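Listed below, chain by chain, are the residues.
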Amino acid sequence: MNDILPSDIGRWRWLEGTFRTAFERAGFHEVRTPIVEPTNLFVRAVGETTDVVEKEMYAFERHDEGLTIRPEGTAGAARAYIEHSIYAKEPISRWYYIGPMFRGERPAKGRYRQFYQAGAEIFGDHGPGCDAELIDLLHGVLTALGLVNVDVIINSLGGAETRARFKEELVKYLEPHRERLSTDSQRRLASNPLRILDSKAPQDREISAGAPTLHEFLTAEDQAHFNELRQMLDRLGTPYRVDPHLVRGLDYYTRTLFEVKAAADKLGAGDTVLGGGRYDGLVEDLGGPKTPAIGFAAGLERLLIATESNQASDPLDVYIAALGNAAQREGLVLARDLRAAGFSCEVDTRGTSIKSQLRRSEGLAARAAIILGDAELAEKVYAVKNLAAHTQSKVAAVDVVAHLSQTLRAAT
Ligand code: HAM
């Protein structure tokens, strides 16, 4: 788990702001659900035999209730969607969230135990149009972040019926190789064979390479959905490639599945910056009405590593250097007036030398500094330094706010 210090905040705000703007322009509304949910919600939604539920959740008991610090955002969003009967209020809901998630994974570059996701969920639209729109939207966000050569990978898992038929055939194929599979995969052969296709163990990978693919089992409807999605992405000019072996580690997915990889040179093995897909059965499985849905989530730490952006924190507008108690009193009043006029402003109340106060204004990269000493107070004329332009002027105390409104606003 990482501290995000004020010196890093500029980059975080830039990244979050880019997502917010893109989401809101596309008609998504922010949702904020609790960080803690009943453990059972994740077991049912994410799947009992997934790595997330089996190994990674921060789960605990309190007041006889099993609770878990959320490992992801989709389950909570679906729960809220059902709990507040949103389906009865509007035919389509487009939600987004930005917030921390928690998984007790082995930490590595780009893999943390507390990490932030920006994600979106669309409830109530079954068509491939919103799949294409979502994939294009996030490709646009990654481009706006300055990422080039992003690898958009898509696949279709088909619906429940397809999955069941495929599972049978997969087990038939894997069974003769049982002895050579990793211990984890041997166990999964009975519980969750699809996850074997996602295993990182070399012997599992070798065996899965020859396995049948889901594509061979897609129904005509699944095929039509996937083909239409591809045609739409082609029309949008969104780059993508189809990987029939793509599976993801969460059990709720149906039909469209996607992942984006970027900046492998900086991220190494953890280069999946976002992932998502359809989950047309989840709302119903959790007790709501049959509701198609699709969503994705991006890992913000990974995107920060990938973009290596160097966004500085917002600079301070005005620094007030005050010499003596009387000057500090006037400084506090002036600071309040400047803030009310929309400027960021800090007043030095340490009572140190003018030199050290001006050094602090430089350290903060303030755009302007105002010097208040006995002489300035007596004359009611303040010295205003424009630190960017390296100029200094004498300004009547009553005109300072107006003067800065002209000079600083003009400069931005
Ligand atoms: P996920 O693939 O588990 O999907 O996570 C999405 C993204 O979160 C990953 O691609 C990665 O960038 C980031 N991430 C995951 N685990 C970590 C970690 N330990 N440290 C840093 N970053 C991490 C989901 O969570 C789904 N809820 C996405 C979704 C929404 N599907 C449908 N709707």
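Before reading further, recall that the structure is shown in the block above.
Since the model is a prediction, treat every value here as computed from it, not as a measurement.

*Asks:* Honestly, the overall build of the protein chain in this entry has me stumped. Any pointers?
*Replies:* When helices and strands are tallied, the protein chain shows 17 helices and 16 strands. A compact globule built from 412 residues would reach a C-alpha radius of gyration of about 22 Å, whereas the protein chain, at 28 Å, exceeds it by more than 25%. Principal axes of the C-alpha set define a box for the protein chain whose edges measure 95 × 45 × 40 Å. Here the protein chain holds 412 residues, and 51% of them are scored as buried. Of the contacts made within the protein chain by residues no fewer than 6 positions apart, 69% connect residues no fewer than 24 positions apart. By element, 50% of the accessible surface of the protein chain is carried by carbon and sulfur atoms, the whole surface being about 19900 Å². Computed over 50 positive and 58 negative side-chain charges, the inter-centroid distance for the protein chain is 5 Å.

*Asks:* Can you walk me through the packing of aromatic side chains in this structure?
*Replies:* Two measures describe an aromatic ring pair: the distance that separates the ring centres and the angle between the ring planes. Under the definition given, this model contains 13 aromatic pairs. Considering the side-chain rings of Tyr81 and Trp95, the 6.0 Å spacing of their centres and the 70° angle between planes classify their relative orientation as edge-to-face. You can see Tyr81 sitting in helix H4 (residues 74-83) and its partner Trp95 sitting in strand E5 (residues 93-102), a full 14 residues away along the chain. Here Trp95 falls in the buried class, since its relative accessible area comes to 10%. Ring centres 6.2 Å apart and planes at 80° place the aromatic pair Phe123 and Tyr279 in the edge-to-face group.

*Asks:* Looking at this structure, how should I read the side chain of Glu105?
*Replies:* Tracing the backbone shows Glu105 in the loop between E5 and strand E6 (114-123). Setting aside residues up to four positions removed in sequence, Glu105 forms contacts with Glu56, Arg111 and Arg113.

*Asks:* Please explain the site of the ligand as it appears in this structure.
*Replies:* Taken together, 27 residues lie near the ligand, and Glu72, Glu105, Tyr112, Glu121 and Tyr253 sit nearest. Interatomic distance of 2.7 Å between a side-chain N/O atom of Glu105 and a nitrogen atom of the ligand. Tyr112 has a polar backbone atom sitting 2.8 Å from a nitrogen atom of the ligand. Starting from 660 Å² of accessible surface for the ligand in isolation, the protein chains cover 96%. Contributing elements (two or more residues each) for the shell around the ligand: E6, strand E10 (272-278) and strand E11 (293-299). If one sorts the elements of the shell around the ligand by residue count, E10 sits on top with 6 residues.

*Asks:* Mind showing me how you'd approach a nonpolar patch on the surface here?
*Replies:* Taken together, the side chains of Ile35, Val36 and Phe60 make up a nonpolar region of the molecular surface, amounting to roughly 200 Å² of accessible area. Inspection of the secondary structure assignment puts Phe60 in strand E3 (residues 58-62).

*Asks:* Would you explain helix H15 (residues 354-363) in this entry?
*Replies:* An α-helical segment advances 3.6 residues per turn. Residues three or four places apart therefore align on the same side. What H15 keeps buried is the set Ser356, Gln357, Leu358 and Ser361. Where H15 terminates, the next one or two residues include Ala365, which has phi positive at roughly 55°.

*Asks:* Before we go on, may I ask you to explain the environment of Val53 in this structure?
*Replies:* Relative to the helices and strands, Val53 resides in helix H3 (residues 51-56). Separated by 145 residues in sequence, Val53 and Asp198 have C-alpha atoms that sit 16 Å apart. With near-sequence residues (within four places) excluded, Val53 lies in contact with Phe42, Val43, Val46, Gly47 and Glu48.

Cut-offs and rules
Residues numbered from 1 in each chain as written. Predicted model: local features only at pLDDT ≥ 70, side-chain atom pairs only at ≥ 80, totals over all residues. Heavy atoms only, no water. Helix = DSSP H or I, 4+ residues; strand = E, 2+ residues; numbered from the N terminus. Rg over C-alpha atoms; globule rule 2.2 N^0.38 Å. Buried < 20%, exposed > 50% of the residue type's maximum accessible area, 1.4 Å probe, protein only. Contact = heavy atoms within 4.5 Å. Areas by Shrake-Rupley, 256 points an atom, 1.4 Å probe, with all protein chains shown as cover. Lys, Arg positive; Asp, Glu negative; His and termini not counted. Charge placed at Lys NZ, Arg CZ, Asp CG, Glu CD. Phe/Tyr/Trp six-rings, centres within 6.5 Å; stacked < 30°, edge-to-face > 60°. Near = heavy atom within 4 Å. Polar contact = N/O pair within 3.5 Å; in protein donor to acceptor, adjacent residues only side chain to side chain. Patch = residues over 30% accessible without salt bridge, like charges linked within 9 Å, V, L, I, M, F, W, Y side chains within 5 Å. Salt bridge = Lys/Arg side-chain N within 4 Å of Asp/Glu carboxyl O.

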